[in-house]
Amino acid sequence: MAAAARLRRRLLLEVPWRWRCSPRRGGAACPSAGQIRAAFLRFFEERHGHRRLPSAPVRPRGDPRLLFVNAGMNQFKPIFLGTVHPRSELAQYRRVVNSQKCVRAGGKHNDLEDVGRDTYHHTFFEMLGNWSFGDYFKEEACRMAWELLTEVYEIPRDRLYVTYFGGDPSLGLSADEECRDVWLCLGEVEGNLLPLPQHHVDTGMGLERLVTVLQNKRSNYDTDLFTPILDAIQKGCRAPRYQGLVGNADVGRVNMAYRVVADHVRTLCVCITDGIYPGFSGAELVLRRILRRAVRFCSEVLQAPPGLLASLVPTVVEVLGDAYPELTRNANQIKDIINENEAAFLSSLERGRRVIERTVQQMEPSTNFPAEVAWSLYGSLGFPLDLIDLMLEEKGISLDSAAFNELALEDAKRKAGGLQAGQPGNTNTHLDVHSLARLQSSNVPATDDSPKYAYTLGQHGQYEFSPCQATVLMLYRDQSLHKEVGAGQRCGVILDRTNFYAEQGGQDSDQGYMIHLGQQDVLFPVESVHLCGGYVIHEVTAVETLRAGDQVQLFVDEAQRLACMTNHTATHLLNFALRRVLGDNTEQRGSHVTAERLRFDFDTKGHVTVEQLQQLEQVVQDLIQKNEVVHMAEVPLTLARRVQGLRAVDEGYPDPVRIVSLGVPVENVLTCDSKAAMQTSVELCCGTHLLQTGSVEDLAIISERQLVKGISRVIAVTGGRAKEAREAGQCLAMEVDSVSLRMKQSITSIPEMQNLSKEVGQLTKVVASTAMPQWQRKELQTILKALQRTANTAIKKLELQQAEKVAQILLAKFCNQPVIIDTIPAVSLSILMKVVNQLCDKSPGTSVLLLSPQASNEVLCACQVSKSCLPRFSAADWAVAVCTQMEGKAGGSPIVAKGSGNAKGMQGALTTALEFAQSKL
């Protein structure tokens, strides 16, 4: 092992450079990373007939189990799994070569926290790969690799070492001596090679480490994949130059910061280009953490000015753009997204620092940092928990982790389940009748929540939400009104005005935070908002004392609000589509809009068909493509009632009411005898909406079912979630097609058909639980149901055929004897029972008991007693006696019984079986 380690070090440090290719930039002594990548691709394409493929996006296609593409094989999984459609382009591939963009920063493969600490971990890396799908196998793969390394890259043979799989006894896998023999043949030793069957080959190597070797560098960060970025960082922040230091030698973590920023900006560029944006769940949340980690090292360690991260994008594009031209096309968008997210985080970072400093100054000595303050930083500002721990550690202070975890658990329960049946409502946000009366008698005005509609579209198409200034009118806690609430207490805050949307009209409430006016370093997280009697109650955890009369400023969680707006506008589109497809008599029976999805209930005469589901999505997509303006205006209720085509007016609507009209100005639908509302969506709605339908991007109905007779419920997702649902559906459709094709083949093996039946069952479960278009789910479920029937019928037929053959042999062997006791091979208890049944059918006066030893050391037992032997001879008693001898169990009826036991008692069981039968006959 030590020798191998020394050899690896020599391989990295001592390889001389001799081969040449056309230099991309003049006169370099070593090849550039671009030349090394290009040489790999050309070698397999031109010399060995491989088809060159572009890299797949790092957002996985149709694989909900992956956050990112994290290996070169991801895009070829359908081939490896046998799920590829036979008529697809993918199925035609035999030899391919590519350089795949990969991200390992979440899920099973997560290198995020290691990046920067050493010189070789990365969140983004490139995987060079050559692939054979049913073409060549080990011998050719090894020969090609050896040829590439020694002849093209001219790495000296004595500087290379080879490994092969040594086996795994626990899994029953032997050593890969076949591969060993290939390499021995290729290295200075004679040997005979046997012909190899056709199998798939997945061969490759990380570009970064290959470049390190060929450029004779000490680490990946010393190669030209990173040095231009490191140079750009140094120019942008004027920090000391990068020296490659690690651990204690890296004073102030400056070198670590260089590595973190250089790695993370590459990841950001690639992910944003491929449609993954910093967000709040899944891959988007991981990317948000990557961006914020990079920003922290820029600002805190490198002392860089704002904007450094985005300024590195052109350099990343210069380094990687030739191989991945999509980066060049999206450079401006990448910079805009990074700048927007950096600005938001820097603001939060500075505010968070002040909160921590101020809280620490007010703390008693030797006490833990208050959990409610940390929670407000974490929940309201998205302040990283590890940063809170780090900043406190620097001050010699610990966080009250137990209390923090309790707050997190409480929040998770609230988000996951809400109120259970029979539980009382939140006593801090639902005003009781006495408190309402007191507010009204005290002339406390109702809350003006019109600022919730005050948002605009910026010049780059982004939504802009303005903060709102307000005054605290009253506080509500434990079913009573208060003028003051102390730190650490949860309460309802009643304001004179608000820009928060209170939960109503089926739309989830906003979340966000409030601050004391002019005091930026104290945040009060707003966890939910409710409307009660005209008063908007903001549920808040007080991090310090709150009093009536306090001036505050309100900030909504913009991402959550925008997601709700998208899904609410999509709900209106869906409502219109339902009437268009199912008829004008289709009426809404309820809806619920969250940031994640939308739910819509409506009356119907039956299940919605597959064709109707497809039509519904198409109508919605047509409206999205038209990018209709969403018109909104408040009008008197009496005037709104006159609109032809308006959906049924709920008598509970306030007056005036808010009309939302897609594509047609509200004044047009209000004109006398106007038919405009008959051709578009016009609804009364108090919700917040997009300003144009195009921002919905896409809608996929992922569920449809009848709640009760005559009432159906659909659940739909929009935007990126809709795209992911469609990709998941396409992936599963390919798997179902693959099983269907294999089912049509002539299969005579019972185990093979049973495995196919099991695969159908597993696919059925996955199809039922995966978020995918409902029309496609129904189609696949119909196919799978038919396949399961076919498989079950085929298994029964094969078992019966096998049972008949075995029964004939036994009948000939025992020649109509009154008792047949024997052992036979049988792969299942079902087949064993069928053999027993066949024997008794063909010889009615015979009683039969058969044992079948299994590979697992279990012995199966099945028996049947002739009716002429009843009641003195019971099959159940016979089976119990035999299986007890084998330390097993059995049961059944007087005529038929079955059981099992241990193989070590089988010979004694056969003796017991005969003695028992003889004693009864």
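Rules used in this analysis
Residues numbered from 1 in each chain as written. Predicted model: local features only at pLDDT ≥ 70, side-chain atom pairs only at ≥ 80, totals over all residues. Heavy atoms only, no water. Pairing = 2+ DSSP bridges. Helix = DSSP H or I, 4+ residues; strand = E, 2+ residues; numbered from the N terminus. Axes fitted to C-alpha atoms, helices over the stretch in contact; angles between N-to-C directions. Buried < 20%, exposed > 50% of the residue type's maximum accessible area, 1.4 Å probe, protein only. Polar contact = N/O pair within 3.5 Å; in protein donor to acceptor, adjacent residues only side chain to side chain. Contact = heavy atoms within 4.5 Å. 1 Å grid on protein atoms, 1.4 Å probe; cavity = no way out; pocket = protein on both sides within 12 Å on 5 of 7 lines; lining within 4 Å. Points joined across faces, edges and corners; volume = space filled by probe spheres on them. Nonpolar A, V, L, I, M, F, W, Y, C, P; charged D, E, K, R; others polar. Salt bridge = Lys/Arg side-chain N within 4 Å of Asp/Glu carboxyl O. Core = buried A, V, L, I, M, F, W, Y, C linked by side-chain atoms within 4.5 Å. Phe/Tyr/Trp six-rings, centres within 6.5 Å; stacked < 30°, edge-to-face > 60°. Lys NZ or Arg CZ within 6 Å of the ring centre and 35° of its normal. Arc of directions from axis to C-beta. Expected span 1.5 Å × (residues − 1). Parallel < 35°, antiparallel > 145°, perpendicular 65-115°, else oblique. Left-handed = near helix turned anticlockwise from the far one by under 90°. pLDDT = per-residue confidence, 0-100.

Pairing is mixed across the open sheet formed by five strands, whose spatial order is β25-β26-β27-β29-β28. Edge positions in the sheet fall to β25 (819-823) and β28 (889-892), since each of these pairs with one other strand and no more. When strand polarity is set aside, the average angle formed by the axes of neighbouring strands in this sheet is 10°. Here strand β27 (residues 858-864) runs beside strand β29 (residues 896-902); their pairing, made up of seven bridges, is antiparallel.

Tracing the backbone through its elements, the reader meets Asp-698 in the loop between β22 (682-684) and β23 (699-708). Its relative accessible area of 13% is what places Asp-698 among the buried residues. Here Gln-621 takes part through its side chain, which lies 3.1 Å from a polar atom of the side chain of Asp-698. In this structure Asp-698 touches Gln-621, Ile-624, Val-717, Thr-718, Gly-719, Ala-722, Lys-723 and Arg-726, once residues within four positions along its chain are discounted.

This part covers the pairing of strand β13 (residues 512-516). Each regular strand displays side chains that alternate between the two surfaces of the sheet. The buried fraction of β13 amounts to five of the five residues, a majority that puts the element mostly inside the structure. Of the two faces of β13, the one carrying Gly-512, Met-514 and His-516 and the one carrying Tyr-513 and Ile-515 are both buried. Bridging between β13 and strand β14 (residues 519-532) involves five bridges; their strand directions are antiparallel. From the neighbouring strand, Gly-512 faces β14, where its bridge partner is Val-526. Between the end of β13 and the start of β14, which pair antiparallel, lie two residues, with Gly-518 showing a positive phi angle near 80°. Across five bridges, the pairing between β13 and strand β17 (residues 551-556) is antiparallel. Counted as the bridge partner of Gly-512 is Val-556 from β17.

Once that is clear, we can look at empty space enclosed by the protein. Enumeration over the complete set of coordinates arrives at three cavities of 30 Å³ or more. By volume, the largest cavity is sized at about 50 Å³. As for the largest cavity, its lining consists of Pro-451, Lys-452, Ala-454, Tyr-455, Phe-465, Ser-466, Asn-499, Val-556 and Arg-561. A breakdown of the residues in the lining of the largest cavity according to their chemical character gives five nonpolar, two polar and two charged.

All right, on to the pattern of salt bridges then. The final tally for this structure, using the stated rule, is 36 salt bridges. Across the salt bridge formed by Lys-101 and Asp-274, the nearest N and O atoms sit 3.1 Å from each other. Of the two residues, Lys-101 is situated in strand β2 (residues 95-103) and Asp-274 in the loop between α8 (254-273) and α9 (282-301); the sequence distance between them amounts to 173 residues. The exposure class assigned to Lys-101 is buried, which follows from its relative accessible area of 2%. Among the residues examined, Asp-274 registers a relative accessible area of 12% and is labelled buried. Arg-353 is the partner of Glu-350 in a salt bridge, and the nearest nitrogen-oxygen pair spans 3.3 Å.

Another aspect to go through is the sheet that holds β22. Ordered in space as β20-β21-β22, the three strands form an open sheet in which the pairing is antiparallel. The sheet is open, and its two edges are formed by β20 (630-635) and β22, each paired on a single side. Sheet twist, expressed as the mean angle between neighbouring strand axes with direction ignored, is 20°. Sheet topology places strand β21 (residues 657-662) next to β22; three bridges connect them, and they run antiparallel.

Our next topic: unusual backbone geometry. Trans peptide bonds make up most of the peptide bonds, and negative phi angles are found at most residues other than glycine. With an omega of 0°, the peptide bond running from Leu-870 to Pro-871 counts as cis. Its place among the elements puts Pro-871 in the loop between β27 and α26 (875-885). We note that Asn-216 has phi near 60°; this positive angle belongs to a residue other than glycine. Relative to the helices and strands, Asn-216 is located in the loop between α6 (207-214) and α7 (227-237). Exposure remark for Asn-216: the relative accessible area of 36% places this residue in the partly exposed category. Despite not being glycine, Gln-303 shows a phi value in the positive range, around 55°. Tracing the backbone shows Gln-303 in the loop between α9 and α10 (308-311). The exposure class of Gln-303 is exposed, given its relative accessible area of 57%.

Right, let's get into the environment of Arg-95. Structurally, Arg-95 can be placed in strand β2. When the C-alpha atoms of Arg-95 and Gly-549 are compared, they prove to be 74 Å apart, with 454 residues separating the residues in sequence. Setting aside anything within four residues of it in sequence, one finds Arg-95 in contact with His-48, Gly-49, His-50, Arg-51, Trp-131, Asp-135, Tyr-136, Glu-140 and Met-144. At 2.9 Å, the side chain of Arg-95 forms a polar contact with the backbone oxygen of His-48. Side chain to side chain, Arg-95 and Glu-140 meet in a polar contact 3.3 Å long.

So, on to the nonpolar core. By size, the foremost hydrophobic cluster in this structure holds 168 residues, and its most contacted members are Tyr-153, Ile-233 and Leu-309. The element that contributes the greatest number of residues to this core is α8, accounting for 13 residues. Residues Leu-732, Val-736, Ala-794 and Phe-814 belong to the second largest nonpolar core, which totals 40 residues.

Here we come to the packing of aromatic side chains. Summed over all chains, the structure comprises 17 aromatic pairs. Ring centres of Tyr-455 and Tyr-463 lie 6.3 Å apart, and the angle between their planes is 55°; on these two criteria the pair is classed as tilted. Of the aromatic side chains, those joined through ring pairs into one cluster are Phe-40, Phe-43 and Phe-44. The aromatic ring of Phe-555 is capped on one face by Arg-351, whose charged end is 5.6 Å from the ring centroid.

Restricting attention to buried positions, one finds in helix α5 (residues 177-186) the residues Cys-179, Val-182, Trp-183 and Leu-186. Down the axis of α5, the sector holding all buried residues measures 90°, keeping them to one side. Taken together, the buried residues of α5 touch α4 (138-152).

With respect to the element layout, Glu-704 can be found in strand β23. Looking at Glu-704, its side chain comes within polar contact range of the side chain of Ser-712, at 3.5 Å. Excluding anything up to four places from it in sequence, Glu-704 contacts His-607, Val-608, Leu-613, Ser-712, Arg-713, Val-714, Gln-774 and Lys-778.

To continue, consider α4. The first and last C-alpha atoms of α4 sit 20 Å apart over 15 residues, in line with the 21 Å expected at 1.5 Å per residue. Of the residues flanking the end of α4, it is Glu-154, one or two places downstream, whose phi is positive at about 55°.

Looking now at the packing of α7 against helix α11 (residues 313-320). Axis separation between α7 and α11 bottoms out at 9 Å; the angle between their running directions is 165°. Judged by the angle between their axes, α7 and α11 are roughly antiparallel. Both α7 and α11 take part in a crossing whose hand is right-handed. Judged by residue contacts, Pro-228, Ile-229 and Ala-232 of α7 engage Thr-315, Val-316 and Val-319 from α11. Looking at the contact of α7 with α11, its residues break down into five nonpolar, one polar and no charged.

Axis separation between α7 and α8 bottoms out at 10 Å; the angle between their running directions is 115°. Like other packed secondary-structure pairs, α7 and α8 cross with a definite hand, here right-handed. Contacts between α7 and α8 pair Ile-229, Leu-230, Ile-233 and Gln-234 from the former with Tyr-258, Val-261, Ala-262, Val-265 and Arg-266 from the latter. Class assignment for the residues of the contact of α7 with α8 results in seven nonpolar, one polar and one charged.

With that settled, the discussion passes to the pairing of β27. Counted residue by residue, β27 has six buried out of seven residues, so it is predominantly covered. Connecting the antiparallel pair strand β26 (residues 847-853) and β27 is a turn made up of four residues, with Asn-857 showing a positive phi of about 75°.

Structurally, the position occupied by Phe-137 is in the loop between β5 (124-132) and α4. Each C-alpha atom of the pair Phe-137 and Cys-179 lies 10.0 Å from the other, and the pair is 42 residues apart in sequence.

The predicted model of the chain has a mean per-residue pLDDT of 87, with 91% of residues at 70 or higher. Confidence, expressed as mean pLDDT per element, reaches its minimum in the chain at helix α1 (residues 2-13) with 33 and its maximum at α11 with 97. Counting interchain partners and residues more than four positions distant, the pLDDT-below-50 stretch residues 1-18 has 30 contacts.

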